[in-house]
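Next come the chains, spelled out residue by residue.
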Amino acid sequence: MLLFFILGLLVHFVFFASIFDIYFTSPLVHGMTPQFTSLPPPARRLVLFVADGLRADALYELDENGNSRAPFIRNIIMHEGSWGISHTRVPTESRPGHVALIAGFYEDVSAVAKGWKENPVEFDSLLNESKYTWSWGSPDILSMFAKDVSGDHVFIHAYDADDEDFGAQDVTKLDTWVFDNVKEFFHAARNNQSLFSKLNEEKIVFFLHLLGLDTNGHAHRPSSREYKDNIKIVDEGVKEIVSMFKDFYGNDGKTAFVFTADHGMTDWGVHGAGHPSETLTPFVTWGAGIKYPQKVSAQRFNDAFLKEWKLETWKRQDIHQGILPLGYLNNTDLFKAESMFTNALQVLEQFKVKMTQKKEVTLSFLFKPFKLLSESKQLNILRKARSYIKQRKYDEAVSLCKELIHLALRGLSYYHTYDRFFLGITVVLGFVGWTSYASLLIIKSHSSLTRGVSKEVKKTSLLLPYGFVAIGVLVVFFLLIQACPWTYYVYCLLPVPTWYAVLREFQVIQDLVASLLRFPPRHFVGYLLVFTLGIEVLVLSFFYRCMLTAGLIAFAGWPFITQLWTRAKSTSLSWIFFSLLLAAFPLMPVVGREPDISLVMSAGLLLLLLSLFVVTSLTKRKDSFVNEELFLHLLQMLSTVLSMYVVYSTHNSLLKKQGLPRINQIISWITLASSFVLPLLSPTVLLERLFSILLSLMSTYLLLSRGYEALFPLVLSCLMLAWIHMEQETLQQSGVSCKQKVNGIQFIYNTDITQFRQLCLDDIRRAFFLVFFLVTAFFGTGNIASINSFDLTSVYCFLTVFSPFMMGALMMWKILIPFVLVMCAFEAVQLTTRLSSKSLFLMVLVISDIMALHFFFLVRDYGSWLDIGTSISHYVIVMSMTMVLVFLNGLAQLLTTKKLKLCGKPKSHLI
């Protein structure tokens, strides 16, 4: 069985990674011949301002007094340059956003998980192609464009990473540092002849990365006074830098300026997904080669922004990276046509290289070229475009070039996704094969279905293994002659052993079919419909959290459907009450909620009251509550009190901009570390151990909470306690005798297997309950399928200096705490119902895999970027849940069964 779980983990890891190979491989094409226009550029130098995290509406809108927060930028829009909205893509994070701006392409979605400080793929960039580049700003952003550049011509000036502190008194210093250092740099250049001569070369880039707005947005929200005041500081700083450039270069008219942002930010101060507030960023440009403002009487846009911003008379030109924005260029028609022709050649060259690469590794009789852009059509369009330019028909030439670019981009997408259908089929075959085998293993090893099957070892035909070996050899040969990557071998060969394992259990399949044929058709169809409905409710809950509410309300009616209501009224009432109470959480706001520390304090107080009640009830039991146990409970209660103090104190300190107090940080980390140890000191009696786990984990959860979510684990745990009692009552109702009450059961690591019973139909319901509770633990307080649901303020009791991986780990542990509580309760359910943990766990894996197969078919790489990001997240979450379940099952066993000794022998509990 251990080997089965190891293989299961490997298989699920393959399924997990498959969507990134099938849908989201790197779009980069290498090996093209460079294409350049022979016409001289209008500018000798570029100054690029990137205001990290700046929303378009925050810059363009007027304040409550009708004044602009950025008067200099608004003056540029009206008197000097062109403007519009830049549409960014998911994931709206700093790394892919800057790559799109400076390298001219959108990274694949998986790149955001590969770090800020290194390049997951090699790519060329504007900075690398420049004669010299000087950059100022965040070390995380600047370093990735300076690494592995060809030559020593990209210079970075970065502040210390520790300065990126969300709890600092004034984070606008991140921007003023940039402006001050640029001024000092140019002042020093006047007295440095070598530097002065470099600054007067052509093809020079100055990159100013401004992180203050992003930091203020995370810490205080974009609607805050701090964020809006930061815009004014940035505007004033840009004004001073522009004036300095004009003075340094003597108003030579050869400097182009671009002011934009890498991504926006939601109202609740996060980014990463596809909400318009994250994807719509400002784009303002002026100077050499840029058109002056154009007054218009009407503009066609599907939004009301122009009227809201009082800019309806100034021509707005939205842009997407990748295609030359001719509308911004102030140059001759010849220059525009030649530039567009060069742009078309560049994209066409990528298309040709991509087609050649795919043709070389595909068998000739299987290769299907992109029919809309044949070689003859390429030559025809290029010939016509060049002819139009010679005849001075520039508009016609530009139109033809745009058509060629459009077709070439479609062709690139065609060859980029050439193997998608083939890979998708192989992964689905592996998925179905694995799920079928796991189902057969449950039936064979943990049910009474095969009880009547002869145990005699039959001579198996060699045709089956030899047949599958032959299939495997053919697959390898087919992939070898096409020089496919090694991952293709994994995806294509995986179905071979899984389906071999399925067909080896042919006798079990026969018994299953025979059993189903004996089953009353009405009952079979009814159970199948209920199971299908349950799976669909779980799938829909990923899209509509209200489905969780509907499910919990349905759960509340469970005692009335059975005879539990008459048999155990008090237990049933507890189940109904907490089911309905938990059902309220999915109806609460997903994101965008303001911090409410009073709710965190309320959760802490309720936990303390519950602790007092438990301690009081335990002390009344004779010979069952010794001094060390009382000391442990009091210690855990003290930990809760300290957590409440730290949350309240840290919140006030940050409001006063005094930063995170060191003592609060120390207490937080000690509380987190002790939460893994303190439960192991408590007795292994079922209810006492579960309550000790709740106390320890809740102390940490309070530190990571900002509002109503602090109450969620408490209500969830109460429902789990009711579930444990309900399952024992259900077992007794079915006629299975229970030797011990819940109060007397102890968690034992090595349970006697003779006490286990065979699976019954009701156990499918138990497995479904577990999966439903796990999904509720995921989505009960927020939609983590969206990256922007992660609120950085949750970790401010632990750290405020920007550290993406540490912050991510803490937020992930916050998500996993309700998971652990559910899994610990599941361990108790298995004990009370006398079920093998392996059998129920296998059923849970099968249900999760069926859900994952749903989401595999729902993964998209087209449509809105919000839909694309959500489809990826859903599949990743379900696959992660399947793999993490193995880890959480082990953690739950450790927390429930292990006992550490403080001194002497642990007290035994016999009731």
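Going along each chain's sequence as written, the residues are numbered from 1 onward. Residues qualify for local features only when their pLDDT is at least 70, as the model is predicted, and side-chain atom pairs are given and counted only at 80 or more; totals for whole chains, interfaces and linings, by contrast, use all residues. Side-chain figures throughout are based on the complete set of non-hydrogen atoms in the structure, without hydrogens or water.

Per an unreviewed UniProt entry, the chain goes by the name GPI ethanolamine phosphate transferase 1 and belongs to Ceratotherium simum simum. The record held by UniProt for the chain lists under Sequence similarities (unreviewed entry) the comment "Belongs to the PIGG/PIGN/PIGO family. PIGN subfamily." UniProt positions are given in the numbering used here, feature names are shortened, and annotations may be inferred rather than shown by experiment. Database annotation for the chain, UniProt heading Pathway (unreviewed entry): "Glycolipid biosynthesis; glycosylphosphatidylinositol-anchor biosynthesis."

Visitor: Help me understand the overall build of the chain, please; the structure alone is not making it clear to me.
Guide: Where helices and strands are cited, they refer to DSSP runs of H or I of at least four residues and of E of at least two residues respectively, numbered from the N terminus. A tally of helices and strands in the chain yields 34 helices and seven strands. By the burial criterion, 54% of the 911 residues in the chain qualify as buried. When contacts within the chain are restricted to residue pairs at least 6 apart in sequence, long-range pairs at least 24 apart make up 79% of them. In short, Shrake-Rupley with a 1.4 Å probe defines the accessible areas, and a residue's cover is counted only from the protein chains shown. For the chain, the exposed surface amounts to about 41400 Å²; the carbon and sulfur share of it is 62%. Burial classification: accessible surface area is computed with a 1.4 Å probe over protein chains only, and a residue below 20% of its type maximum counts as buried, one above 50% as exposed, and the rest as partly exposed. The criterion used for residue contact is that any of the two residues' heavy atoms lie within 4.5 Å.

Visitor: Sorry, what's going on with the packing of helix 22 (residues 546-556) against helix 31 (residues 762-779) here?
Guide: Angle between the axes and distance between the axes are the two parameters that describe a pair of packed helices. A fitted line through C-alpha atoms serves as each axis, taken over the contacting stretch for helices, and the angle formed by two N-to-C directions is quoted from 0 to 180°. Direction vectors running N to C along helix 22 and helix 31 enclose 140 degrees, while the axes themselves pass 11 Å from each other. Judged by the angle between their axes, helix 22 and helix 31 are oblique. The handedness of the crossing between helix 22 and helix 31 comes out as left-handed. From helix 22, Met547, Leu548, Gly551, Leu552 and Phe555 reach across to helix 31, where they touch Phe768, Phe769, Phe772, Phe773, Val775, Thr776 and Phe779. Any residue outside Ala, Val, Leu, Ile, Met, Phe, Trp, Tyr, Cys, Pro, Asp, Glu, Lys and Arg is labelled polar, Gly included; the first ten of those are nonpolar and the last four are charged. Counted by class, the contact of helix 22 with helix 31 contains ten nonpolar, two polar and no charged residues. Note that the term roughly parallel is reserved for angles under 35 degrees, roughly antiparallel for angles over 145, roughly perpendicular for angles of 65 to 115, and oblique for everything else. In this scheme the crossing of two helices becomes right-handed for a clockwise turn of the near helix relative to the far one and left-handed for an anticlockwise turn of less than a right angle.

Visitor: Where do I start with the nonpolar core in this structure?
Guide: Note on soluble globular proteins: their nonpolar side chains tend to be buried together. To qualify as a nonpolar core, a set must consist of buried Ala, Val, Leu, Ile, Met, Phe, Trp, Tyr and Cys residues joined through side-chain atoms within 4.5 Å. In this structure, Phe15, Trp575, Trp723, Phe773, Val775, Met851 and Tyr875 are the most contacted members of the largest nonpolar core, which totals 153 residues. Discounting chain neighbours no more than four positions away, the residues touching Phe15 are Val427, Gly430, Phe431, Trp434, Leu494, Tyr875 and Met879. Counting residues in hydrophobic clusters, the runner-up holds 54 residues, among them Tyr132, Phe185, Tyr227 and Val242.

Visitor: Would you explain helix 26 (residues 597-619) in this entry?
Guide: Since the α-helix turns once every 3.6 residues, residues separated by three or four places project in the same direction. One less than the number of residues in a helix, times 1.5 Å, gives the span that helix is expected to have. Under the 1.5 Å per step criterion, the end-to-end length of helix 26 is 33 Å for 23 residues, consistent within 8% with the ideal 33 Å. Looking only at helix 26, the buried set comprises Ile597, Val600, Met601, Ala603, Gly604, Leu607, Leu608, Ser611, Val614, Val615 and Leu618. The inward-facing, buried residues of helix 26 contact helix 27 (627-655), helix 29 (686-703) and helix 30 (712-733).

Visitor: Even after reading the chapter, I still don't get a nonpolar patch on the surface, so can you show me in this structure?
Guide: Exposure above 30% relative accessible area and the absence of a salt bridge qualify a residue for a patch, where like charges join within 9 Å and nonpolar side chains (Val, Leu, Ile, Met, Phe, Trp, Tyr) within 5 Å. Any Lys or Arg side-chain nitrogen located within 4 Å of an Asp or Glu carboxyl oxygen qualifies as a salt bridge. Taken together, the side chains of Leu516, Phe519, Phe524, Val525, Tyr527, Leu528, Leu529, Leu761 and Ile764 present a nonpolar region at the surface, about 790 Å² in accessible area. Here the element with the most residues in the nonpolar patch is helix 21 (residues 521-541); it accounts for five residues.

Visitor: For this particular structure, what's the right way to read the side chain of Thr793?
Guide: The residue Thr793 is located in the loop between helix 31 and helix 32 (804-832) in this model. Overall, Thr793 belongs to the buried group, its relative accessible area being 3%. Here the side chain of Thr793 touches Arg706 through a polar contact of 3.5 Å, side chain to side chain. For Thr793, the residues in contact, after removing those within four places along its chain, are His218, Arg221 and Arg706. Between N or O atoms, a polar contact is any pair within 3.5 Å; within protein, one atom must be a potential hydrogen donor and the other a potential acceptor, and residues adjacent in sequence are included only when both atoms are from side chains.

Visitor: Explain the packing of aromatic side chains to me, please; I cannot follow it from the model alone.
Guide: The geometry of two aromatic rings is summed up by the distance between their centres and the angle between their planes. Only the six-membered ring of Trp is used, alongside the rings of Phe and Tyr, when aromatic pairs are assigned; centres must lie within 6.5 Å, and planes under 30 degrees apart are stacked while those over 60 apart are edge-to-face, with the rest tilted. In the structure shown here, the tally under the stated rule is 61 aromatic pairs. Consider the rings of Phe72 and Trp286, whose centres lie 6.3 Å apart with planes at 80 degrees: the pair is edge-to-face. Here the residue Phe72 occupies a position in helix 3 (residues 71-79), and Trp286 occupies one in strand 7 (residues 280-287), the gap between them amounting to 214 residues. Overall, Trp286 belongs to the buried group, its relative accessible area being 1%. Consider the rings of Phe778 and Phe779, whose centres lie 6.2 Å apart with planes at 40 degrees: the pair is tilted.

Visitor: Hey, could you run me through the packing of helix 30 against helix 32 in this one?
Guide: The contact between helix 30 and helix 32 brings their axes to 9 Å, and the two run at 15 degrees. Our classification of the angle between helix 30 and helix 32 gives roughly parallel. Between helix 30 and helix 32 lies a crossing whose hand is right-handed. Counted together, Phe712, Pro713, Leu716, Ser717, Met720, Trp723, Ile724, Glu727, Gln728 and Leu731 of helix 30 and Pro818, Leu821, Val822, Ala825, Phe826, Ala828, Val829 and Thr832 of helix 32 form the full contact between these two elements. Looking at the contact of helix 30 with helix 32 residue by residue, the classes come out as 14 nonpolar, three polar and one charged.

Visitor: What am I meant to see in the pairing of strand 1 (residues 45-51) here?
Guide: Side-chain direction in a regular strand flips from residue to residue, so the side chains alternate between the two faces of the sheet. Of all seven residues that make up strand 1, six are buried, and the element is covered over most of its length. For two strands to count as paired, DSSP must find a minimum of two bridges between them. Bridge count for strand 1 against strand 5 (residues 204-210) is seven bridges, and the pairing is parallel. When the bridges of strand 5 are listed, Val47 appears paired with Phe206.

Visitor: Before we go on, may I ask you to explain the layout of surface pockets in this structure?
Guide: Where empty space is left can be seen by rolling a probe of water-molecule size over the atoms. What the second largest pocket holds in volume is close to 1900 Å³. As for the second largest pocket, its lining consists of 40 residues, of which Tyr527, Phe531, Leu761, Ile764 and Arg765 are closest to the centre. Elements that contribute at least two residues to the lining of the second largest pocket include exactly helix 16 (420-446), helix 20 (506-518), helix 21, helix 22, helix 23 (558-561), helix 31 and helix 33 (837-858). At eight residues, the largest contribution of residues to the lining of the second largest pocket is made by helix 21. Per-class residue counts for the lining of the second largest pocket are 31 nonpolar, seven polar and two charged. The method works on a 1 Å grid over the protein atoms by themselves. A cavity is a set of points holding a 1.4 Å probe that cannot get out, a pocket is an open set with protein on both sides within 12 Å along at least five of seven lines, and residues with an atom within 4 Å of a point line them. Grid points are joined across faces, edges and corners, and a volume is the space filled by probe spheres set on the points.

Visitor: What is the right way to read the pairing of strand 3 (residues 132-137) from this model?
Guide: Counting buried positions over the six residues of strand 3 gives six, a clear majority of the element. Of the two faces of strand 3, the one carrying Tyr132, Trp134 and Trp136 and the one carrying Thr133, Ser135 and Gly137 are both buried. Sheet topology places strand 3 next to strand 5; five bridges connect them, and they run parallel. Looking across to strand 5, one finds that Thr133 is bridged to Val205. Here strand 3 pairs with strand 4 (residues 154-158) via five bridges, running parallel. The residue bridging Gly137 from the neighbouring strand is Ala158, located in strand 4.

Visitor: I tried to follow the environment of Leu888 on my own but got confused; where do I start?
Guide: Tracing the sequence through the fold places Leu888 in helix 34 (residues 865-897). The sequence separation of Leu888 and Met823 amounts to 65 residues, and the corresponding C-alpha distance is 6.9 Å. Residues within four places of Leu888 in sequence aside, it is in contact with Leu816, Phe819, Val820 and Met823.

Visitor: Is there a simple way to think about the pattern of salt bridges in this case?
Guide: Once their charged atoms are close, side chains differing in charge can pair, the charge on each being opposite to the other. Inspection of every chain in the model, using the stated rule, returns 24 salt bridges. Note that Asp267 and Arg55 form a salt bridge whose closest N and O atoms lie 2.8 Å from each other. You can see Asp267 sitting in the loop between strand 6 (255-260) and helix 11 (276-279) and its partner Arg55 sitting in the loop between strand 1 and helix 2 (56-60), a full 212 residues away along the chain. The partner of Arg766 in a salt bridge is Glu727, with the nearest N and O atoms 2.7 Å apart. Taken together, the residues span a long stretch of sequence, with Arg766 in helix 31 and Glu727 in helix 30 at a distance of 39 residues. For the residue pair Arg766 and Glu727, the accessibility class agrees, reading buried in each case. If you follow the salt bridges from partner to partner, you end up with Glu727, Asp762, Asp763, Arg765 and Arg766 in one network.

Visitor: Sorry, what's going on with the sheet that holds strand 1 here?
Guide: Hydrogen bonding along the main chain pairs the strands of a sheet, whether they run parallel or antiparallel. Strand order in the open sheet formed by seven strands is 2-7-6-1-5-3-4, and the pairing between neighbours is mixed. A single partner strand is all that each edge strand has here, and the edge strands are strand 2 (81-87) and strand 4. Between one strand axis and the next, the sheet turns through 15 degrees on average, direction left out of account.

Visitor: Teacher, can you tell me more about helix 9 (residues 212-220) here?
Guide: Burial analysis of helix 9 places eight of its nine residues in the buried class, which makes it a mostly covered element. As for helix 9, its buried residues are in contact with strand 1, helix 7 (173-189), strand 5 and helix 10 (225-248). Taken from the residues just after helix 9, Arg221 is the one with a positive phi, measuring 85 degrees.

Visitor: Would you explain unusual backbone geometry in this entry?
Guide: Glycine aside, the phi torsion of most residues is negative, and most peptide linkages are trans. Even without being glycine, Ala483 reaches a positive phi, approximately 50 degrees. For Ala483, the position within the fold is in the loop between helix 17 (463-480) and helix 18 (486-493).

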